[in-house]
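For reference, the chains in residue letters:
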Amino acid sequence: MNTSISIGDRIRSLREFRDTTQEQLAQRAGVSVDTIRKLEQNVRQSARINTLRALAHALDVQLERLVGQPTVTQELSDDGGLLALRDAIQTLGSLPGVLADDDLEDPPGEEAWIASVKAATSMYWKGDYARLSGVLPLLLRDGVAVARETDTDRVWQQLALTYQLAASLATQAGHPDWAFAAVEKQLAAAARASDPLMEGMGVSTLSWVLLRQGRWEQARAVAERKADALEPSIRRATPAQYAVYGNLLIAAATPAARGGARDDAKELLNLAEAAATRTGPVRAYGSAFSVVDVRTQQVNISLAGEENEPAEALRLSQRVDLDAITRPVHAAAHHMDVAHAQYQTGDCDGALMTLLDVEQKQPEWIRFQTLAAVTVREMLEAERRRNSPLRALAGRLGVDPTP
């Protein structure tokens, strides 16, 4: 990533490429011309996250491209990596009418492969993306071969989970188009497994991918429809049914808030919290569902949309039992939201301390987070000290610390 290219440089380049004036872009995005002018002149180095989302949408690009989010891991692998992951997702042999070489060696045994899927899931939730990107391509190829040999519902379900991991990693790495292809295969594998709950998790993943593509209305609609279809019966529902249903409600809430329907988002999360209270903590289908998952999302949606409420986000964060968060990446994401709310309420020192703590615990994960880069850029504009920990953090995140 070229850190000498500012957000304003990217906005100007994209705007000129689309033969659009600053006034026209301002009208399309619903932001002021003065904001665009200051960004393009590098008078301002950043803007609020919701302003940047609006500009990205108006320019018809992904937010990650506008802010220059990293799309590679630092470590290189002989057997894997992001391009190998792309190739494992977009296999030629799955296309109708295409004869592809089948150069797979004998696949591992079913139990050994399923144990590897479990280990890969743990890597994802720990934020160990470099190691995961190294093993996941082979895990996908082996899974296809194992499914071809055994053709059992259990293997197809685990293959669906592996594609879910691929979609999640590709999205985190800034490649939502690859992720969309992975979700297609996740849903196909879930159908082969005759597992409607796995299909529900596939739709939850799809909603997140659509959200990252900026397709907010579709992200909300697919998750809400699937939640309605899988709404559990109070008398006969299993914990796994509640978990999938709750994840779908959470998935629908974020795009609802992004689209300005904050009350609808709150109602979706109220339903999710009621389900989580009824069932207690559940781990199923490569994910988790509990009251703390819902409450961290309540903090998140308070920061979504144009009418974000950072003070409300901080108030709601007091309800979050940090000890109940079992997945390291989930804890990091929540603290990232808290840091952004701290900065927006004027607590710059608190925000910096929170960000540095997240970086210490998740040094790889934080480099992939658009919100981290945007928050640090905003903080840099208010920074007057020359050699501060903030500037050092900005350098590590690939944010240009020069004024």
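Residues numbered from 1 in each chain as written. Predicted model: local features only at pLDDT ≥ 70, side-chain atom pairs only at ≥ 80, totals over all residues. Heavy atoms only, no water.

**Observations concerning the environment of leucine 85**
The test is simple: Numbered from the N terminus, helices here are DSSP runs of H or I no shorter than four residues, and strands are runs of E no shorter than two. Every residue pair with non-hydrogen atoms within 4.5 Å of one another is taken to be in contact.
Here leucine 85 is to be found in helix α6 (residues 82–89). With 49 residues separating them along the chain, leucine 85 and glycine 134 place their C-alpha atoms 8.5 Å apart. Ignoring anything within four residues of it in the chain, the contact list for leucine 85 reads Leu136, Pro137, Leu140, Ala166, Leu169 and Ala170.

**Points about the packing of aromatic side chains**
Rules: A pair of aromatic rings is counted whenever rings of Phe, Tyr or Trp (Trp by its six-membered ring) have centres within 6.5 Å, and the orientation is called stacked for planes under 30 degrees apart, edge-to-face for over 60 and tilted otherwise. Each residue gets one of three labels from its accessible area relative to the maximum for its type: buried under 20%, exposed over 50%, partly exposed in between, using a 1.4 Å probe on protein chains only.
Overall, the coordinates contain 3 aromatic pairs when judged by the stated rule. Considering the side-chain rings of tyrosine 129 and phenylalanine 368, the 5.6 Å spacing of their centres and the 75 degrees angle between planes classify their relative orientation as edge-to-face. In this pair, tyrosine 129 is assigned in helix α8 (residues 129–150) and phenylalanine 368 in the loop between α18 (348–361) and α19 (370–382), connecting sequence segments 239 residues apart. Note on accessibility: tyrosine 129 and phenylalanine 368 belong to one class, buried.

**Details of the packing of helix α16 (residues 310–317) against helix α17 (residues 328–344)**
Note the following rule: Convention adopted: a line fitted to C-alpha atoms gives each axis, helices being fitted over their contacting stretch, and angles between N-to-C directions are expressed from 0 to 180 degrees. For classification purposes, an angle smaller than 35 degrees is called roughly parallel, one larger than 145 roughly antiparallel, one from 65 to 115 roughly perpendicular, and anything else oblique. Rotating anticlockwise by less than a right angle from the far helix to the near helix defines a left-handed crossing, while the corresponding clockwise rotation defines a right-handed one.
Across the interface, α16 lies against α17 with an axial gap of 8 Å and an inter-helix angle of 135 degrees. By the angle between their axes, α16 is oblique relative to α17. Judged by the twist between their axes, the crossing of α16 over α17 is left-handed. Taking contact as the criterion, the partners of Pro310, Ala313, Leu314 and Ser317 in α16 are, on α17, His334, Val338, Ala341, Gln342 and Gln344.

**As for unusual backbone geometry**
Positioned with a positive phi, aspartate 151 is a non-glycine residue whose angle comes to about 55 degrees. As for its placement among the helices and strands, aspartate 151 is situated in the loop between α8 and α9 (153–172). Residue aspartate 151 is classed as partly exposed on the basis of its relative accessible area, which comes to 46%. For tyrosine 285, which is not a glycine, the phi torsion comes out positive at approximately 55 degrees. Relative to the assigned elements, tyrosine 285 resides in the loop between β1 (282–284) and β2 (287–289).

**Some details on the nonpolar core**
In globular proteins that are soluble, nonpolar side chains generally tend to be buried together. Where we set the bar: Here, nonpolar core means buried Ala, Val, Leu, Ile, Met, Phe, Trp, Tyr and Cys residues that are tied together by side-chain atoms lying within 4.5 Å of each other.
Among the nonpolar cores identified, the biggest contains 119 residues, and Leu55 and Val376 are the most heavily contacted of them. With 12 residues, helix α13 (residues 239–258) is the largest single contributor of residues to this core. If near-sequence neighbours (up to four positions away) are discounted, valine 376 is found in contact with Leu355, Leu390, Leu393, Ala394, Leu397 and Val399. If you look at the next biggest cluster of nonpolar residues, it comprises 9 residues, including Leu303, Ala313, Ile325 and Ala331.

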